[in-house]
Amino acid sequence: MADKVKVAINGYGTIGKRVASAVMRQDDMALIGVAKTKPDYDAYVAAKNGIDIYPVDPAKAESKFKAAGIKIAGSNEDMIKKADIIVDCTPGGIGEQNKPLYEKLGKKAIFQGGEEHELAGTSFNAVCNYDEAIGKQFVRVVSCNTTGLARLIYALDKGFGVKKVRATMMRRGGDPNDVKRGPINAIVPDPVKLPSHHGPDLNTVLPNIKIDTVAVKLPTTLMHMHYVNMNLKVTPSRDEVVSTLKQYPRLWLIPSWMNIKSTADVMEFGRELGRPRNDMMENCIWEESVSVDDSGEVNLFQAIHQESDAIPENVDCIRAMMGIEKDAKKSMDKTDKTLGLGNFAPWIQKLP
Ligand code: NAD
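Residues numbered from 1 in each chain as written. Predicted model: local features only at pLDDT ≥ 70, side-chain atom pairs only at ≥ 80, totals over all residues. Heavy atoms only, no water.

1. Quick look at the domain arrangement of the chain
Step number 1: Domain boundaries assigned for the chain yield domain 1 (5–142 + 310–347) and domain 2 (144–304).
Step number 2: The largest share of the area that domain 1 buries against domain 2 comes from Val-142, Phe-344 and Trp-347, three residues that together contribute 29% of it.
Step number 3: Taken together, domain 1 and domain 2 are joined by six salt bridges.
Step number 4: One salt bridge connects Glu-313 with Arg-250, and the closest N-O pair in it is separated by 3.1 Å.
Step number 5: Across the contact surface, domain 1 and domain 2 share eleven residue pairs in polar contact (both at pLDDT 80 or more).
Step number 6: Taken together, the residues of the side of domain 1 that touches domain 2 sort by class into 15 nonpolar, ten polar and seven charged. (Domains from an automatic or database assignment. Buried area = accessible area lost by both parts, 1.4 Å probe. Salt bridge = Lys/Arg side-chain N within 4 Å of Asp/Glu carboxyl O. Polar contact = N/O pair within 3.5 Å; in protein donor to acceptor, adjacent residues only side chain to side chain. Nonpolar A, V, L, I, M, F, W, Y, C, P; charged D, E, K, R; others polar.)

Given below as structure tokens:
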């Protein structure tokens, strides 16, 4: 194998720590380190795993890391200089502030869905537009909701042609550790003005799809739930729709015998399997919910684990931007194998 791609993670929170773990599982990538603003439990676990930690502002934070007994490896800028590509996982808007540094140091960078499409000029979803990211300096991986919609809509568009999509995103109010967004006791139309931004965001990776979206925030932290309605260009049978969905990677059709009735059950399944951080990176589509009428209208429910579904896309995006794999399918297969997607067997915990 040629030299491994050197990857740095700027921003080590919900997304950053998962991208770091996923990168460590790839034999064509090496994790240079992660940038942290201050020591905390995530920094503690990272350090115990031998991950190099680079404070964002060493002048401010060096003494805090020292007091916490966490060794630092240099400054954020030192980390960026050592890397071939930076995965920027900072909160929305900070990536924009970081871009000039990546430009100054001549580095490639991936931004996340909290940044505007225009910041990178290319938005990414592996199954939809892998080729567009090949060799690029800056690319944005679309948000968790858009990733979930893109995978699903792409599959049915390839299979049958999609005339129009209407999707309702029932969004989690915050991530499980996101106490600053709570306590929560409301259902919030977000945005109130319709349609929501998710449709235009989907069009950054699937430009020809007609789509209207609405979103509400709910008092839950576990997952998003999507209700998706699609008018197809032809009228397939329900079995044809189900078997098409089953052919695509990262779409998991929940069989009814599993008795998974809610997002809580989906996440409990992740826990029972012993998946790292309980992550369910696949679209979790209730097979029973898939219905097709005689005009080619499809309806279904899917649950989306917001903390993890875009992680495999970040891994594929690195391969595309670095030009180390030009074939989308080969990259996705490799990512899915190393992360154990679409195959629950490797994760099943040995119970005492
Ligand atoms: P987060 O708040 O969990 O993590 C961000 C991390 O960046 C924190 O550890 C924070 O301390 C650190 N940070 C803040 N300023 C920094 C700076 N200047 N330099 C380096 N690090 C800095 O946020 P997140 O949920 O991981 O979101 C990151 C990005 O991913 C956002 O664009 C978000 O929209 C997107 N995203 C989030 C989710 C989700 O559900 N959490 C899903 C998909 C995409």
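2. Digging into the side chain of Ser-196
Step number 1: Inspection of the secondary structure puts Ser-196 in the loop between strand S9 (188–189) and helix H9 (198–202).
Step number 2: A relative accessible area of 2% places Ser-196 in the buried class.
Step number 3: Separated by 2.8 Å, the side chains of Ser-196 and His-198 make a polar contact.
Step number 4: Polar contacts involving the side chain of Ser-196 include one to the side chain of Thr-213, which spans 2.7 Å.
Step number 5: Among residues more than four places away in sequence, those in contact with Ser-196 are Pro-191, Thr-213, Val-214 and Ala-215. (Helix = DSSP H or I, 4+ residues; strand = E, 2+ residues; numbered from the N terminus. Buried < 20%, exposed > 50% of the residue type's maximum accessible area, 1.4 Å probe, protein only. Contact = heavy atoms within 4.5 Å.)

3. Section: the UniProt feature "domain: Glyceraldehyde 3-phosphate dehydrogenase NAD(P) binding" (unreviewed entry) in the chain
Step number 1: As annotated by UniProt and renumbered to match this structure, "domain: Glyceraldehyde 3-phosphate dehydrogenase NAD(P) binding" (unreviewed entry) occupies residues 5–144.
Step number 2: Helix makes up 40% of residues 5–144 and strand 22%, and the two end C-alpha atoms of the span are 25 Å apart. (UniProt positions renumbered as here; feature names shortened; annotations may be inferred.)

4. Observations regarding the UniProt feature "binding site: D-glyceraldehyde 3-phosphate" (unreviewed entry) in the chain
Step number 1: The UniProt entry lists Ser-143, Cys-144, Asn-145, His-198 and Gly-199 under the feature "binding site: D-glyceraldehyde 3-phosphate" (unreviewed entry), expressed in the numbering used here. A maximum C-alpha distance of 13.2 Å among these annotated residues, which run over 57 residues, shows that they cluster at one spot.
Step number 2: Summarising the element assignment, Cys-144 is placed in helix H8 (residues 144–160).
Step number 3: Contact partners of Cys-144, with chain neighbours within four places excluded, come to His-224, Ile-304, Gln-306 and Asp-309.
Step number 4: Mapped onto the secondary structure, His-198 falls in helix H9.

5. Here we look at helix H11 (residues 263–273)
Side chains of residues three or four places apart in an α-helix project in the same direction, reflecting 3.6 residues per turn.
Step number 1: Considered for burial, the residues of H11 that qualify are Thr-263, Val-266, Met-267, Phe-269, Gly-270 and Leu-273. Buried positions in H11, seen along its axis, are confined to an arc of 150° and lie on one side of it.
Step number 2: Buried-residue contacts for H11 involve strand S11 (224–232), strand S12 (251–254), strand S13 (283–286) and strand S15 (297–304).
Step number 3: Of the residues flanking the start of H11, the one acting as N-cap is Ser-262, its side-chain oxygen 3.2 Å from the backbone nitrogen of Ala-264.
Step number 4: Two residues or fewer after H11 comes Gly-274, characterised by a positive phi angle close to 85°. (Arc of directions from axis to C-beta.)

6. Quick word on the pattern of salt bridges
When the charged atoms of two side chains lie near each other, side chains of opposite charge can form a pair.
Step number 1: Applying the stated criterion to the full structure yields 23 salt bridges.
Step number 2: Here Arg-250 ties to Asp-316 by a salt bridge, and the two come within 2.8 Å at their closest N and O atoms. Linking Arg-250 in the loop between helix H10 (238–247) and S12 with Asp-316 in helix H12 (residues 311–322), this pair joins segments that are 66 residues apart in sequence. Each member of the pair, Arg-250 as well as Asp-316, carries the same accessibility label: buried.
Step number 3: The closest approach of N and O atoms between Arg-275 and Glu-282, which form a salt bridge, is 2.8 Å.
Step number 4: A single network of salt bridges, built from pairs that share partners, joins Asp-28, Arg-151, Arg-250, Glu-313, Asp-316, Arg-319 and Asp-336.

7. Brief notes about the site of the ligand
Step number 1: Inspection of the region around the ligand gives 20 residues, with Thr-14, Ile-15, Gly-114, Arg-172 and Asp-175 positioned closest.
Step number 2: Contact between the ligand and Thr-37: an oxygen atom at 3.3 Å from a side-chain N or O atom of the residue.
Step number 3: At 3.4 Å from an oxygen atom of the ligand is found a main-chain nitrogen or oxygen belonging to Gln-306.
Step number 4: Protein chains bury 80% of the 830 Å² of accessible surface belonging to the ligand in isolation.
Step number 5: The residue makeup of the shell around the ligand, split by class, is seven nonpolar, ten polar and three charged.
Step number 6: Two domains each donate at least three residues to the shell around the ligand, and these are domain 1 (5–142 + 310–347) and domain 2 (144–304). (Near = heavy atom within 4 Å. Areas by Shrake-Rupley, 256 points an atom, 1.4 Å probe, with all protein chains shown as cover.)

8. So, the packing of aromatic side chains
Step number 1: Applying the stated criterion across every chain, the model contains eight aromatic pairs.
Step number 2: Note on Phe-111 and Phe-138: the rings are 5.9 Å apart at their centroids and 35° apart in plane angle, and the pair reads as tilted. Here Phe-138 lies in strand S7 (residues 138–141) and Phe-111 lies in strand S5 (residues 108–111), a separation of 27 residues in the sequence.
Step number 3: Judged by centre distance (4.9 Å) and plane angle (80°), the rings of Trp-252 and Phe-344 are edge-to-face. Linking Trp-252 in strand S12 with Phe-344 in the segment after helix H13 (328–339), this pair joins segments that are 92 residues apart in sequence. For the pair Trp-252 and Phe-344, a shared accessibility class is recorded, and that class is buried.
Step number 4: An aromatic cluster is defined as three or more aromatic residues linked by ring pairs; in this entry it consists of Tyr-102, Phe-111 and Phe-138. (Phe/Tyr/Trp six-rings, centres within 6.5 Å; stacked < 30°, edge-to-face > 60°.)

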